[in-house]
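Results of the structural survey
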Amino acid sequence: MPQITIKVEPKDRTAVGWDVFCLSWKADFTKQTVHRLTWSTPSSGVFVATTGDLPSGVYGIHCAVVGVGRKVDVTVVGEPTVLQPVGSSWPMTVEVDGATSTRASDTWYFQSGV
């Protein structure tokens, strides 16, 4: 039962204006689970979270960012192969284009424990 470790690096090095979630689904995709993340004390504006023990499977990392000009890079430690979006590689970068919006979000999917 592996843990998933997630590293978050906001451009402004603060914990304000972003959130990250680790998600999974039942086999029939009818129920979504949001897994608890335990955050360590940030070091130089880098935030690290771990899940509890999780079964092997497909997981999603969702990052939501709020605020003009905000940018956040998210990496799953170990950089497992990204299943969706196809061909992507870590970090996931979520950035608010201040000229047109104040919010941005993205979800990437990967296989854990294989």
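Up top is the structure.
A brief report on the enclosed structure follows. (Residues numbered from 1 in each chain as written. Predicted model: local features only at pLDDT ≥ 70, side-chain atom pairs only at ≥ 80, totals over all residues. Heavy atoms only, no water.)

Topic: the sheet that holds strand β5 (residues 47-50)
Within a beta sheet, neighbouring strands are joined by backbone hydrogen bonds and run either parallel or antiparallel to one another. What the 5 strands build is an open sheet, ordered β4-β5-β1-β7-β9; its pairing is antiparallel. What marks the edges here is a single partner per strand, and that holds for β4 (38-39) and β9 (92-95). (Pairing = 2+ DSSP bridges. Helix = DSSP H or I, 4+ residues; strand = E, 2+ residues; numbered from the N terminus.)

As for the pattern of salt bridges
If you walk through the whole model with that rule in mind, you get 2 salt bridges. Across the salt bridge formed by E9 and K7, the nearest N and O atoms sit 3.6 Å from each other. When its relative accessible area of 25% is taken as the criterion, E9 is described as partly exposed. A relative accessible area of 30% means that K7 is categorised as partly exposed. The shortest N-O distance in the salt bridge between D12 and R70 comes to 2.4 Å. Of this pair, D12 sits in the loop between β1 (5-10) and β2 (18-25) while R70 is found in the loop between β6 (57-66) and β7 (71-76), placing the two residues 58 residues apart along the sequence. A relative accessible area of 37% places D12 in the partly exposed class. (Salt bridge = Lys/Arg side-chain N within 4 Å of Asp/Glu carboxyl O. Buried < 20%, exposed > 50% of the residue type's maximum accessible area, 1.4 Å probe, protein only.)

Considering the pairing of β9
Burial along β9 is one-sided: M92 and V94 are buried, while T93 and E95, pointing the other way, are not. Examined bridge by bridge, β7 and β9 share 4 bridges and lie antiparallel to one another. Paired with K71 across the two strands is E95, which belongs to β9.

Here's the deal with the side chain of T75
Along the chain, T75 falls in strand β7. The class of T75 is buried, set by a relative accessible area of 11%. The residues contacting T75, other than those within four sequence positions of it, are T5, I6, K7, W90 and P91. (Contact = heavy atoms within 4.5 Å.)

Some words on the sheet that holds β2
Taken in spatial order, the 5 strands make up an open sheet running β3-β2-β6-β10-β8, and their pairing is antiparallel. Both edges of this open sheet fall to β3 (32-35) and β8 (82-84), since each of them pairs with a single strand only. Here the strands of the sheet are splayed against their neighbours by 35 degrees on average, with no regard to which way each runs. As judged from the 10 bridges shared by β6 and strand β10 (residues 103-112), these two strands associate in the antiparallel manner. In the strand pairing of β10, V58 is matched with Q111. (Axes fitted to C-alpha atoms, helices over the stretch in contact; angles between N-to-C directions.)

It is worth stressing that arrangement in space is one thing and function is another; only the former is reported here.
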